[in-house]
Amino acid sequence: MTNVSGSPADWYFEDFAEGQAFRTLGRTITEADIVTFAGWSWDTNPVHTDAVVGAEGRFGAPIAHGMLGLSVAMGLASRLGIFERCSIALLGVDDWRFEQPIRIGDTVTCTVTIRGVRATSNGQNGILDREFVLTNQHGAVVQRGRIGLMVSRRPA
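My aim in this report is to walk through the structure given alongside it, one point at a time. Since we're looking at a predicted model, the values are computed, not measured.

What counts, and where the lines are drawn
Residues numbered from 1 in each chain as written. Predicted model: local features only at pLDDT ≥ 70, side-chain atom pairs only at ≥ 80, totals over all residues. Heavy atoms only, no water. Salt bridge = Lys/Arg side-chain N within 4 Å of Asp/Glu carboxyl O. Helix = DSSP H or I, 4+ residues; strand = E, 2+ residues; numbered from the N terminus. Buried < 20%, exposed > 50% of the residue type's maximum accessible area, 1.4 Å probe, protein only. Polar contact = N/O pair within 3.5 Å; in protein donor to acceptor, adjacent residues only side chain to side chain. Contact = heavy atoms within 4.5 Å. Core = buried A, V, L, I, M, F, W, Y, C linked by side-chain atoms within 4.5 Å. Pairing = 2+ DSSP bridges.

Overall, the coordinates contain seven salt bridges when judged by the stated rule. Salt-bridge contacts for Arg-153 lead to Glu-14; the nearest nitrogen and oxygen are separated by 3.1 Å. Taken together, the positions of Arg-153 in the segment after β6 (141–152) and Glu-14 in the segment before β1 (21–23) put the pair 139 residues apart, joining distant regions of the chain. With relative accessibility at 39%, the residue Glu-14 sits in the partly exposed group. Across the salt bridge formed by Asp-33 and Arg-27, the nearest N and O atoms sit 2.8 Å from each other. Judged by its relative accessible area of 17%, Asp-33 falls in the buried class.

Have a look at this one:
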């Protein structure tokens, strides 16, 4: 894993290299997280919001929304501090997979690996191909995928 050093303002396109991996701190998913996400997303599917349906279903309890996991992965990556000041635009979410359910009480961490770096066609900015792997407290992968990001180059 790559240690994060310096302040977030110090990180630019030139500081990233293919193969760098950054591991985030953990975040425990609570019932309140799921209820709040259901409220603002309008996704009130009973598998997420009904304790009886959840208990009788394939997972034995309500589970977090898949998009809640993706959102938490993005938030955890943000807390690394290395993408904040240099970020220009999120380019897309690709090949995202929901491999296992996220349960109430799971503590998830995210590993962000730089899979590719390249300059934009005009050379003024850079593109980071980032792989996100969200794991639970048991080390099981719960979600994974790629999220491209356009970033600033270091000022002259």
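From this point on, the discussion continues.
Along the chain, Gln-20 falls in the segment before β1. Looking at Gln-20, its side chain comes within polar contact range of the main-chain oxygen of Asp-15, at 3.2 Å. Among all residues touching Gln-20, those that are not within four sequence positions of it are Thr-2, Trp-11, Asp-15, Val-112, Thr-113 and Ile-114.

Here the focus is the side chain of Asn-125. With respect to the element layout, Asn-125 can be found in strand β5 (residues 125–135). We classify Asn-125 as buried; its relative accessible area is 18%. If we ignore the near neighbours within four places in the chain, the residues touching Asn-125 are Ile-88, Ala-119, Thr-120, Met-150, Val-151, Ser-152 and Arg-153.

Below, the discussion takes up the nonpolar core. Phe-16, Ile-29, Phe-83, Val-108, Phe-132 and Leu-134 are the most contacted members of the largest nonpolar core, which totals 31 residues. Among the elements of the structure, α1 (31–41), α4 (66–79), β4 (107–119), β5 and β6 are those that each provide at least two residues to this core. Considering every element that reaches this core, the biggest residue donor is α4, with six residues. With sequence-adjacent residues up to four places away left out, Phe-132 is seen in contact with Ala-73, Met-74, Ala-77, Trp-96, Cys-110, Thr-111, Val-112, Gln-143, Arg-144, Gly-145 and Ile-147.

In terms of burial, β6 is largely enclosed, as nine of its twelve residues are buried. One ladder, built from eight bridges, connects strand β3 (residues 87–98) with β6; its direction is antiparallel. Each residue of the ladder has a partner; that of Ala-89, found in β6, is Met-150. Inspection of the sheet shows β5 paired to β6 by eleven bridges, in the antiparallel sense. Paired with Asn-125 across the two strands is Ser-152, which belongs to β6.

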